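# Remarks on the overall topology
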Amino acid sequence: METSRRTVIAAAAAAGLTAATIGTAHASGGRKPEKELFGKLADGTKVHRWSLENGGTRLKVLSYGGIVQSLEIPDRHGRYRNVALGFDNIDDYVAGSPYFGALIGRYGNRIGKGQFTLDGKGYQLSVNDGVNSLHGGAKGFDKHVWDVEGFTSGSDVGLVLHYTSIDGEMGYPGTLRAKVTYTLTGHGDWRIDYEATTDKATVVNLTSHVYWNLAGEGSGSIYDHELEIAAARFTPVDSGLIPTGELAAVAGTPFDFRRTKTVGRDIRVAHQQLLYGKGIDHNWVLDKGITARPRHVATLRDPSSGRTLSIATTEPGLQFYSGNFLDGTLVGTGGHIYRQGDALCLETQHFPDSPNHPSFPSTVLRPGQTYRTSTVHSFGA
């Protein structure tokens, strides 16, 4: 059973920890976001790191890619750990990050052969995943420096991030103006609100690519984490991880997380879809569909620490990726090597390759419209 953040704070106080020590909200509604230099790109562009703290959650965000460099929450005893994988320097992010903590766009996930047709015109996108386009192409939103401003509003603190993607960037039509708001609430929730407008018809699918390990970054496998997803169907893929177009039932497959089970329980079952993904790398068709307000869709729990992550979203899909391609070549913020299964991603989204599947929820954005989606991450122990 999930314990509220207030219970965690009360327990910590009973153990003799002060409110300042455990990072509770100040009377003014949390600390004002703080900015510091994190590093420079090869061309001299400065990359800043913003630090936020509110409601018992501590968040550090880079202007490069809107990256969540760390997210710290307490365990059942009030002890803090960073639960998001990442690096301690900008050079490693630039050299070869597998999207650690990044904002993803213009199109999260894959588009088959990097091609789609819109209003009778064909478009060829940047191809960076075999013959397919992944997460916006070779230089997606995760590889640009965003304009960032900090804010405080009532009991909330946060950041507003802006990036303008010019017409034709990575092959996408239209100049897209993206705005993403990160908010830490007085209860310690991390909320993401995405907005975008365009001057030409285009496709857009923004998401966040945090790699979660609730036992702590660098602590080892997440196969003993317990996961529940409110979805009776998923989208099977071909050998290139492109959806076939089918909405398949999860019942009787390793993809059934309608009742809580450990991530690793069925991950080595001889199922063709697991062979394609080298583990789990699939989109779940959320039972709730598209909603005007975020609704609960998934809960993740680490039994060892008691930490929990609850996700609510307006989106119709959830990409669950079990860290299959972490291969022991990357060293994270805590000085530990990341290996297969050391984290998982739960990316709220529209479906992969939607521009090529008319039966999928549409990802088309037209002039005069505003793209809006929201996702809330709530933490407990």
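Since the model is a prediction, treat every value here as computed from it, not as a measurement.

## With respect to the overall build of the protein chain
When helices and strands are counted, the protein chain shows four helices and 29 strands. At 20 Å, the protein chain has a C-alpha radius of gyration in line with the 21 Å of a compact globule built from 381 residues. For the protein chain, the spread of C-alpha atoms along the three principal axes comes to 65 × 50 × 40 Å. Residues counted as buried form 58% of the 381 residues belonging to the protein chain. In the protein chain, the proportion of contacts linking residues at least 24 apart, taken out of those at least 6 apart, comes to 66%. When the accessible surface of the protein chain is summed, it comes to about 15,100 Å², and 49% of that surface belongs to carbon and sulfur atoms.

## Comments concerning the sheet that holds strand 24 (residues 317–321)
To summarise the sheet geometry, strands pair through backbone hydrogen bonds and adopt either a parallel or an antiparallel arrangement. The sheet built from five strands is open, its strands ordered 19-18-21-24-27 with antiparallel pairing. In this open sheet, the two edge strands, each paired with only one partner strand, are strand 19 (248–249) and strand 27 (345–349). Sheet topology places strand 24 next to strand 27; five bridges connect them, and they run antiparallel. In the strand pairing of strand 27, Y321 is matched with C345.

## Focus: empty space enclosed by the protein
Counting across every chain of the model gives three cavities of 30 Å³ or more. Of the volumes computed, that of the largest cavity is approximately 80 Å³. Together, I192, Y194, T207, S208, H209, V210, W212, L346, E347, T348, T375 and H377 line the largest cavity. The set of elements that each furnish at least two residues to the lining of the largest cavity consists of strand 14 (190–198), strand 16 (207–209), strand 27 and strand 29 (371–380). Among the residues making up the lining of the largest cavity, the classes are represented as five nonpolar, six polar and one charged.

## Observations concerning the side chain of T202
In this structure, T202 sits in strand 15 (residues 202–203). What makes T202 buried here is its relative accessible area of 0%. Within the local environment of T202, its side chain forms a polar contact with the backbone oxygen of P173, the two atoms lying 2.9 Å apart. Apart from the residues within four sequence positions on either side, T202 is in contact with R106, L118, Y172, P173, L176, T363, V364 and L365.

## Description of the sheet that holds strand 12 (residues 156–165)
Taken in spatial order, the nine strands make up an open sheet running 11-12-13-14-29-23-22-17-20, and their pairing is antiparallel. Edge positions in the open sheet fall to strand 11 (147–153) and strand 20 (261–262), since each of these has one partner strand only. Relative to strand 20, strand 17 (residues 226–229) is paired through two bridges, and the arrangement is antiparallel. What sits directly across from E226, in strand 20, is T262.

## As for the pairing of strand 27
In terms of residue burial, strand 27 counts as a mostly covered element, since five of its five residues are buried. Covered by surrounding structure in strand 27 are C345, E347 and Q349 together with L346 and T348, the residues of both alternating faces.

## Some remarks on the pairing of strand 4 (residues 68–74)
For strand 4, the buried fraction is high: six of the seven residues fall into the buried class. Connecting the antiparallel pair strand 3 (residues 57–62) and strand 4 is a turn made up of five residues, with G65 showing a positive phi of about 70 degrees. The pairing of strand 4 with strand 5 (residues 80–82) spans three bridges and is antiparallel. Bridging across to strand 5, E72 finds its partner in N82. Hairpin connection of strand 4 to strand 5: five residues between the antiparallel strands, including G78 at a positive phi of 85 degrees.

## Looking at the packing of aromatic side chains
Note on aromatic pairs: each is described by the distance of the centres and the angle between the planes. Taken as a whole and judged by the stated rule, the model has 21 aromatic pairs. Judged by centre distance (5.2 Å) and plane angle (65 degrees), the rings of F141 and Y163 are edge-to-face. One end of the pair, F141, is in the loop between strand 10 (133–134) and strand 11; the other, Y163, is in strand 12, and 22 residues separate them in sequence. Counting every residue linked through ring pairs, the aromatic cluster contains F87, Y93, F100, Y211, Y321, F325 and Y338. Across the ring face of Y80, the terminal group of R58 is positioned such that the distance to the ring centre comes to 3.7 Å. In this structure, K261 packs its charged tip against the face of F257, placed 4.4 Å from the ring centre.

Rules behind the numbers
Residues numbered from 1 in each chain as written. Predicted model: local features only at pLDDT ≥ 70, side-chain atom pairs only at ≥ 80, totals over all residues. Heavy atoms only, no water. Helix = DSSP H or I, 4+ residues; strand = E, 2+ residues; numbered from the N terminus. Rg over C-alpha atoms; globule rule 2.2 N^0.38 Å. Buried < 20%, exposed > 50% of the residue type's maximum accessible area, 1.4 Å probe, protein only. Contact = heavy atoms within 4.5 Å. Areas by Shrake-Rupley, 256 points an atom, 1.4 Å probe, with all protein chains shown as cover. Pairing = 2+ DSSP bridges. 1 Å grid on protein atoms, 1.4 Å probe; cavity = no way out; pocket = protein on both sides within 12 Å on 5 of 7 lines; lining within 4 Å. Points joined across faces, edges and corners; volume = space filled by probe spheres on them. Nonpolar A, V, L, I, M, F, W, Y, C, P; charged D, E, K, R; others polar. Polar contact = N/O pair within 3.5 Å; in protein donor to acceptor, adjacent residues only side chain to side chain. Phe/Tyr/Trp six-rings, centres within 6.5 Å; stacked < 30°, edge-to-face > 60°. Lys NZ or Arg CZ within 6 Å of the ring centre and 35° of its normal.

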